[in-house]
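# Descriptive structure summary
Spelled out, the chains give:
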Amino acid sequence: MSLVPHHIAIVMDGNGRWASRRYLPRIAGHKQGVDSLKRCVKACAARHVQVLTVFAFSSENWNRPAEEVSGLMDLLALAITREVPQLKADGVRVYFVGERSGLSDKVKASLAHAESATASNSRLILNVCFNYGGRWDIVQAAAKLAAQGADITEDSLGRAMAMAHVPDPDLLIRTGDEQRISNFLLWQTAYSELYFSDKLWPEFDEAALDQAIAAYVQRERRFGKTSGQLPGVAVKTHQAA
Ligand code: IPE
Ligand code: IPE
Ligand code: MG
């Protein structure tokens, strides 16, 4: 197995708690979270990870206080516009994955600009899941096929999903000391290795990323097979107790 996962997906959780512990408003935690994401993008590129997918705003996050939701929208538009030149210089290709119709024209324009400005890059693909939900993705894919009158198979549904431009994640990391999926990549994480970090997202640094990758390297990915069927694994014979 390659020593580095091809595709890492991250539920970036814990910004609010990071801020609360410092008696700061929650939005200060989200700002710090953007810095942590910038560090993580650089670290993944340096480690030859090919795809990084991050959960930035879930379908359910609309249920937060209006002030926090509008703060997150403003932060997204600002961060994207500000970071495009650096992403371009670093060879990062950005995709925004999620339902766009609920977003303001300003946010939609900044997403489209960042995608087109980085379209020729190929060092690292960065998928930012924004206004995204795993259930939304499955439903929109099924609705697309139904509208075309196409057969629904694992293949056709997979190709209709919003993440069809990348292979499934090898490693799913969740920070913030929570152990749940929260409607992230429900379809695509069928065989991802799961890793939970107790670090809050703003504190998730290169060393924490390396720990997650080291844990991944120790895993045996069997995809339903037995250990003995895997390449490079010696067949273990049954030892009587
Ligand atoms: C994750 O951090 C970022 C978003 C959901 C936008 P949270 O804001 O959920 O932080 P906690 O879980 O309240 O600490
Ligand atoms: C998941 O975090 C969504 C993002 C990180 C964008 P939440 O903080 O919203 O998840 P729950 O509500 O604790 O499950
Ligand atoms: Mg949270």
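Everything here concerns the structure above.
Now for a description of the structure that goes with this document. (Residues numbered from 1 in each chain as written. Chains lettered and ligands numbered in written order. Predicted model: local features only at pLDDT ≥ 70, side-chain atom pairs only at ≥ 80, totals over all residues. Heavy atoms only, no water.)

## Examining the site of ligand 1
Surrounding ligand 1, one finds Met-12, Asp-13, Gly-14, Asn-15, Gly-16, Arg-17, Arg-26, His-30, Ala-56, Asn-61, Arg-64 and Leu-72. Separating an oxygen atom of ligand 1 from a side-chain N or O atom of Asp-13 is a distance of 2.9 Å. Between ligand 1 and Asn-15 there is a distance of 3.1 Å, counted from an oxygen atom to a backbone nitrogen or oxygen. Notes on ligand 1: free accessible area 380 Å², of which the protein chains cover 87%. Taken atom by atom, the bulk of ligand 1 overlaps the largest pocket. The dominant element in the shell around ligand 1, judged by the number of residues it contributes, is helix H1 (residues 15–20), at three residues. Considering only residue class, the shell around ligand 1 consists of three nonpolar, five polar and four charged. (Near = heavy atom within 4 Å. Polar contact = N/O pair within 3.5 Å; in protein donor to acceptor, adjacent residues only side chain to side chain. Areas by Shrake-Rupley, 256 points an atom, 1.4 Å probe, with all protein chains shown as cover. 1 Å grid on protein atoms, 1.4 Å probe; cavity = no way out; pocket = protein on both sides within 12 Å on 5 of 7 lines; lining within 4 Å. Sits in = over half its atoms within 2 Å of the grid points. Helix = DSSP H or I, 4+ residues; strand = E, 2+ residues; numbered from the N terminus. Nonpolar A, V, L, I, M, F, W, Y, C, P; charged D, E, K, R; others polar.)

## Points about the site of ligand 2
Near ligand 2 the following residues occur: Val-11, Met-12, Asp-13, Phe-55, Ala-56, Phe-57, Asn-61, Arg-64, Arg-174, Arg-180 and Ser-182. The contact in question runs from an oxygen atom of ligand 2 to an N or O atom on the side chain of Ser-182, over 2.6 Å. Notes on ligand 2: free accessible area 390 Å², of which the protein chains cover 77%. Of the pockets mapped on this structure, ligand 2 occupies the largest pocket. Sort the elements by how many residues they give to the shell around ligand 2 and strand E2 (residues 51–58) lands first, with three residues.

## Digging into unusual backbone geometry
Most peptide bonds take the trans configuration, and most residues that are not glycine carry a negative phi. Phi is positive for Asn-131, which is not a glycine, with a value near 55°. Relative to the helices and strands, Asn-131 resides in strand E4 (residues 124–132). Positive phi, close to 50°, is recorded for Phe-223, a residue that is not glycine. The exposure class of Phe-223 is partly exposed, given its relative accessible area of 47%. (Buried < 20%, exposed > 50% of the residue type's maximum accessible area, 1.4 Å probe, protein only.)

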